[in-house]
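# Inside the fold
Here are the chains, one letter per residue:
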Amino acid sequence: METVADISAWAYACTPPLVRDIVIPDERAVASPPYGAGYPADLLVSRGRPGELMARVRGRMLSDLKGLEPPLYAMRPGAVDGTPGRLISWHRVSSWLAFRHCEDIGNGLYVVLPEYALMQMARSLSPARLALLMCEACGIYTLVPETARVELVVRDLVEQGVLRPETVLGGDGSVREFADDRGVRVAFVDAWGEDLGWQLCFDRMGNPTNLWKRPPLTSHARLEQVVAELKGARGIRTASRALVLSRDGLGSPAESRALMMLCGPVHEGGEGWPWPSINRRIDFDEQARRLAGTTYAIADAVWMKQRIILEVNGFGSHADRQGFHEQEGRTAALEHMGFTVVSLTYPQMEDLELFEARTQTLAERLGFPMKSRTRAFLTRREGLHRELFDGDSGMF
């Protein structure tokens, strides 16, 4: 079985359905930006007698595979020479890979499912970097691949007014919270039982970002099952370490990074605190509704017993739902409901010294102990922070 796998399968899972469905004309694909995508013209032309998968893939790079950068990571049985082509880089199929681990996307083409693609990616990632992807897969956001072909389609859709703030793609509702007021995972369907759609997030200046909200691709429990299923396979030890750093329901990369530092296990460099309820809806009483001008709030992270809410504010986060820091009425409403709101900005997270100061403040509010700052622990903590923040854009 010839299958798109690993990082290419992950990119496919992170491409919004509407973006996949649009076909870019050849002339626009090869034209230079901003009119076109600058796609190499020779990748659209068959040379010699291309393999079966090569023929299937070539045209689809301008349609549902536009989120994948060539050469695609693909697997097939038998020996491979290890020399990547311009369109496809062939790899020996994972020994455990079966049809049930893949999605049939039509015309004889298969793509490895997201949870199994993560297991393949574990062979080349650190536990912290893999945990970030696990948080994304189990969360209510995705970072859409920034290929020139995807950017061209999104730009067209924004200019046409198809994509704008609060636009939902597929379904009549939008993904806002992960858990309801009782802390129970929501169903991610609208009033008619249709799946909630994907929603592009805009920054505070009204510009489109590569952050989209969408229902979870999988769950933490499902990833645990997959890790147990593939026990002993290459990379699974890394996946096991990544599991304890990740959770369901996170709403942005900034939230994922902050809570991994605060709640990840001590042996990985985390503070080891109990995980909060994540992206949980808090329904307001009548007085709180008047203060906030709305009927509810969504807490990034809330420790309900302590009535403490942590709001994680990346530079580009919450532009789709106007975070608490932009609406003082919501903070007043939450305080009326008996909550204390503590904010954490991206610059405060990115600087480890500043982050430690904010952690101390949060620990005092929560009544949680801080781990003794031994040399060994500080080394692990600095390593975790470096893995999470080095090379990050800081947008979300």
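What you see is a predicted model; the values in this text were computed from it and never measured.

All right, on to the overall build of the protein chain then. Helix and strand counts for the protein chain come out as 15 helices and 12 strands. Over its C-alpha atoms the protein chain spans a radius of gyration of 22 Å, differing by no more than 12% from the 21 Å that the globule rule assigns to 396 residues. Dimensions along the principal axes, computed over C-alpha positions, put the protein chain at roughly 70 × 50 × 35 Å. Among the 396 residues that make up the protein chain, the fraction classed as buried is 53%. For the protein chain, long-range pairs separated by at least 24 residues make up 67% of all intrachain contacts whose partners lie at least 6 apart in sequence. In the structure as shown, the protein chain presents an accessible area of about 17400 Å², 50% of it carried by carbon and sulfur atoms. Averaged over its 46 positive side-chain charges, the protein chain has a centre that lies 5 Å from the centre of its 51 negative ones.

Here the focus is the pattern of salt bridges. When their charged atoms lie close together, side chains carrying opposite charge are able to pair. Counted under the stated rule, the structure contains 16 salt bridges. A salt bridge links aspartate 64 to arginine 60, with the nearest nitrogen and oxygen atoms 2.6 Å apart. A residue is classified by how much of its surface remains accessible, and aspartate 64, at 11% relative accessible area, is buried. A salt bridge links arginine 149 to glutamate 69, with the shortest nitrogen-to-oxygen separation between them at 4.0 Å.

Glancing now at the confidence of the model for the protein chain. Mean pLDDT over the protein chain stands at 91; residues scoring 70 or higher make up 92%. Here residues 316–326 is modelled with pLDDT under 50, and outside its nearest four sequence neighbours on either side it reaches 41 contacts, counting other chains as well.

Ranked by size, the top nonpolar core spans 100 residues in total, and within it Met119, Leu259 and Leu310 carry the most contacts. Ignoring anything within four residues of it in the chain, the contact list for methionine 119 reads Met134, Leu223, Val226, Val227, Leu230, Arg234, Ile236 and Ala239. The next biggest cluster of nonpolar side chains, apart from the first, holds 11 residues, and it includes Ala292, Ala299, Ile309 and Leu334.

Attention now moves to the sheet that holds strand S7 (residues 199–202). Ordered in space as S6-S8-S7, the 3 strands form an open sheet in which the pairing is antiparallel. The two strands at the open ends of the sheet, each matched to only one other strand, are strand S6 (141–143) and S7. Between one strand axis and the next, the sheet turns by 40° as a mean value, whatever way the strands run.

Next up on the list: the environment of phenylalanine 284. Tracing the sequence through the fold places phenylalanine 284 in the loop between strand S9 (277–283) and helix H11 (286–292). Through-space distance from the C-alpha of phenylalanine 284 to that of histidine 336 is 9.3 Å; in sequence the pair is 52 residues apart. Once residues within four sequence positions are removed from consideration, phenylalanine 284 is found in contact with Arg289, Ala292, Thr294, Thr295, Tyr296, Ala297, Arg330, Ala333, Leu334 and Met337.

The pairing of strands in a sheet happens through backbone hydrogen bonds and is either parallel or antiparallel. Read across the sheet, 4 strands follow the order S9-S10-S11-S12 without closing on themselves; strand pairing throughout is mixed. On the outer flanks of this sheet lie S9 and strand S12 (340–345), each paired with one strand and no other. Each strand axis lies, on average, 45° off the axis of its neighbour in the sheet, ignoring direction. Note: strand S10 (residues 296–303) against strand S11 (residues 308–313), 3 bridges, orientation antiparallel.

The subject of this paragraph is the pairing of S7. Side chains Gln199 and Cys201 project from S7 onto one buried face, and the interleaved Leu200 and Phe202 project onto a second face that is buried too. Inspection of the sheet shows S7 paired to strand S8 (residues 208–213) by 3 bridges, in the antiparallel sense. Looking across to S8, one finds that phenylalanine 202 is bridged to proline 208. Hairpin geometry of S7 and S8 is characterised by an intervening segment of 5 residues between the two adjacent antiparallel strands and by a positive phi of about 85° at glycine 206.

Our focus in this paragraph is helix H15 (residues 375–389). Given a rise of 1.5 Å per residue, 15 residues ought to cover 21 Å, and the 21 Å separating the end C-alpha atoms of H15 matches this to within 8%. All buried positions along H15 are accounted for by Phe377, Arg381, Gly383, Leu384, His385, Leu388 and Phe389. Contacts made by the buried residues of H15 are with helix H6 (127–138), helix H10 (253–263), helix H13 (346–350) and helix H14 (352–366). Taken from the residues just after H15, glycine 391 is the one with a positive phi, measuring 80°.

Further remarks concern the side chain of serine 8. Considering the arrangement of structural elements, one finds serine 8 in helix H1 (residues 6–13). Judged by its relative accessible area of 5%, serine 8 falls in the buried class. In this structure the side chain of serine 8 is engaged in a polar contact, spanning 2.8 Å, whose partner is the backbone nitrogen of tyrosine 73. Residues contacting serine 8, with those up to four places away along its chain left out, are Leu68, Leu72 and Tyr73.

Looking at where asparagine 107 falls in the secondary structure, it is placed in the loop between strand S4 (102–104) and strand S5 (110–112). For the pair asparagine 107 and glycine 269, spaced 162 residues apart in the sequence, the C-alpha separation amounts to 46 Å. Ignoring any residue separated from it by four or fewer positions in sequence, one finds asparagine 107 in contact with Arg56 and Arg60.

Across the interface, H1 lies against helix H5 (residues 114–121) with an axial gap of 8 Å and an inter-helix angle of 145°. Where H1 crosses over H5, the handedness of that crossing is left-handed. Residues Asp6, Ile7, Ala9, Trp10 and Ala13 of H1 pack against Pro114, Ala117, Leu118, Gln120 and Met121 of H5. Residues of the contact of H1 with H5, tallied by class, amount to 8 nonpolar, 1 polar and 1 charged.

What counts, and at which threshold
- Residue numbers restart at each chain and count upward from 1, following the sequence in its written direction.
- For a predicted model such as this one, the threshold for reporting local features is a pLDDT of at least 70, and the threshold for listing and counting side-chain atom pairs is 80 or more; totals across whole chains, interfaces and linings nevertheless cover every residue.
- Note: side-chain values were computed over all heavy atoms of the structure, leaving out hydrogens and water.
- Counting from the N terminus, the helices are DSSP H or I runs at least four residues long and the strands are E runs at least two residues long.
- For a compact globule the rule gives 2.2 Å times the number of residues to the power 0.38, and the radius of gyration it is set against comes from C-alpha atoms.
- Relative accessibility thresholds used throughout: buried, under 20% of the residue-type maximum; exposed, over 50%; partly exposed, between the two (1.4 Å probe, protein chains only).
- Contacts were defined at the residue level, with two residues in contact if any of their heavy atoms lie within 4.5 Å.
- Only the protein chains shown count as covering a residue, and every accessible area follows the Shrake-Rupley method with a 1.4 Å probe.
- For the charge count, each Lys or Arg is scored as positive and each Asp or Glu as negative, with His and the chain ends excluded.
- Charge coordinates come from a single atom per side chain, which is NZ of Lys, CZ of Arg, CG of Asp or CD of Glu.
- Every case where a carboxyl oxygen of Asp or Glu lies within 4 Å of a side-chain nitrogen of Lys or Arg is listed as a salt bridge.
- Looking at any residue, its pLDDT shows the predictor's confidence there, from 0 to 100.
- Among buried residues, those of type Ala, Val, Leu, Ile, Met, Phe, Trp, Tyr and Cys that are joined through side-chain atoms within 4.5 Å constitute a nonpolar core.
- Only strands that DSSP links by at least two bridges are regarded as paired with each other.
- Axis definition: a line fit to C-alpha positions, over the contact stretch in the case of helices; interaxial angles, taken between N-to-C directions, run 0 to 180 degrees.
- Take the number of residues in a helix, subtract one, and multiply by 1.5 Å to get its expected span.
- Think of a polar contact as two N or O atoms within 3.5 Å of one another; within protein, one of them needs to be a possible hydrogen donor and the other a possible acceptor, and neighboring residues in sequence only count if both atoms come from side chains.
- By the definition used in this description, the sense in which the near helix is turned from the far one sets the handedness, with an anticlockwise turn below a right angle giving left-handed and a clockwise turn giving right-handed.
- Here the nonpolar group is Ala, Val, Leu, Ile, Met, Phe, Trp, Tyr, Cys and Pro; Asp, Glu, Lys and Arg are the charged ones; every other residue, Gly included, is treated as polar.

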